Amino acid sequence: MKKGLLRIRLEKESFDDLDQAISSVGLGFDVHRFTKRRKRLVLGGWKIDYPWGLEAVSDGDVILHAICDAILGGAGLGDIGDYFSPYQKKFQGMSSKKIVNLVLKKIKGKFEIANIDVTVILDRLHLSPYKREIVASLRKIFRVEKINFKIKSRESLELLGGKDAVACLAVVLLRQVC
């Protein structure tokens, strides 16, 4: 009985320390359909030589969009649609790096990014040859070393737009700046 109580106390103390170090976690998601109308594919800020682009108001970078939504969510600041309305023409074709810049300004002095975990889901394109470049691009854009990047397929299931789309999930751990 005493051993069980000791373990619970140790776990609770560990969680108390963790609560002081961690401010918030955010989850982001984005999905865009492939289109031949756009000849440029950008993922994670990295331009990929591919004959299809992504249908979107901006450049359609699902990775940057999902990460930005995760940051905004963790900070309690809504989502990118609150700042960049898809109904305003001035955002047409805009680089997603502009979205990142606004998001980073919103959290500056309040939060710092501890780590980013990304899962990209797609079937049409083999992304693994670009993984190293995408991770390096994300580290540079967000100025964070701890970035985990995973690539998954839909296993031929018609989920999240099927083979005609790219989906991305991102989790961001934010620490409150003292």
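This one's a predicted model, so the numbers in the text were calculated from it and none came from an experiment.

A.B. asks: What am I meant to see in the sheet that holds strand 6 (residues 147-152) here?
C.D. replies: In sheet architecture, strand pairing relies on hydrogen bonds along the backbone and comes in two forms, parallel and antiparallel. On the basis of which strands lie adjacent, the open sheet formed by five strands has the order 4-1-7-5-6 and mixed pairing. Of all strands in the sheet, those with a lone pairing partner are strand 4 (53-54) and strand 6, marking the two edges. Two elements, strand 5 (residues 111-121) and strand 6, share six bridges in a ladder whose sense is parallel. Opposite Asp117, over in strand 6, you have Asn148 as the bridge partner.

A.B. asks: Is there a simple way to explain the nonpolar core in this structure?
C.D. replies: Soluble globular proteins tend to bury their nonpolar side chains together. With 46 residues, the main nonpolar core has Ile63, Ile67, Ile113 and Phe142 as its most contacted residues. Of all the elements in the fold, those that place two or more residues in this core are strand 2 (41-43), helix 2 (62-75), helix 3 (96-107), strand 5, helix 4 (131-142), strand 6 and strand 7 (165-176).

A.B. asks: I would appreciate a short explanation of the packing of helix 2 against helix 4 in the present structure.
C.D. replies: Between two packed helices, both the angle of their axes relative to each other and the distance between the axes serve to describe the pair. As a packed pair, helix 2 and helix 4 sit with axes 12 Å apart at the nearest point and diverge in direction by 40 degrees. With respect to each other, helix 2 and helix 4 are oriented oblique. The interaxial crossing formed by helix 2 with helix 4 has right-handed handedness. Touching Ile63, Leu64, Ile67 and Ile71 of helix 2 are Ile134, Leu138, Ile141 and Phe142, all from helix 4. Class assignment of the residues belonging to the contact of helix 2 with helix 4 gives a composition of eight nonpolar, no polar and no charged.

The rules we used
Residues numbered from 1 in each chain as written. Predicted model: local features only at pLDDT ≥ 70, side-chain atom pairs only at ≥ 80, totals over all residues. Heavy atoms only, no water. Pairing = 2+ DSSP bridges. Helix = DSSP H or I, 4+ residues; strand = E, 2+ residues; numbered from the N terminus. Core = buried A, V, L, I, M, F, W, Y, C linked by side-chain atoms within 4.5 Å. Buried < 20%, exposed > 50% of the residue type's maximum accessible area, 1.4 Å probe, protein only. Axes fitted to C-alpha atoms, helices over the stretch in contact; angles between N-to-C directions. Parallel < 35°, antiparallel > 145°, perpendicular 65-115°, else oblique. Left-handed = near helix turned anticlockwise from the far one by under 90°. Contact = heavy atoms within 4.5 Å. Nonpolar A, V, L, I, M, F, W, Y, C, P; charged D, E, K, R; others polar.

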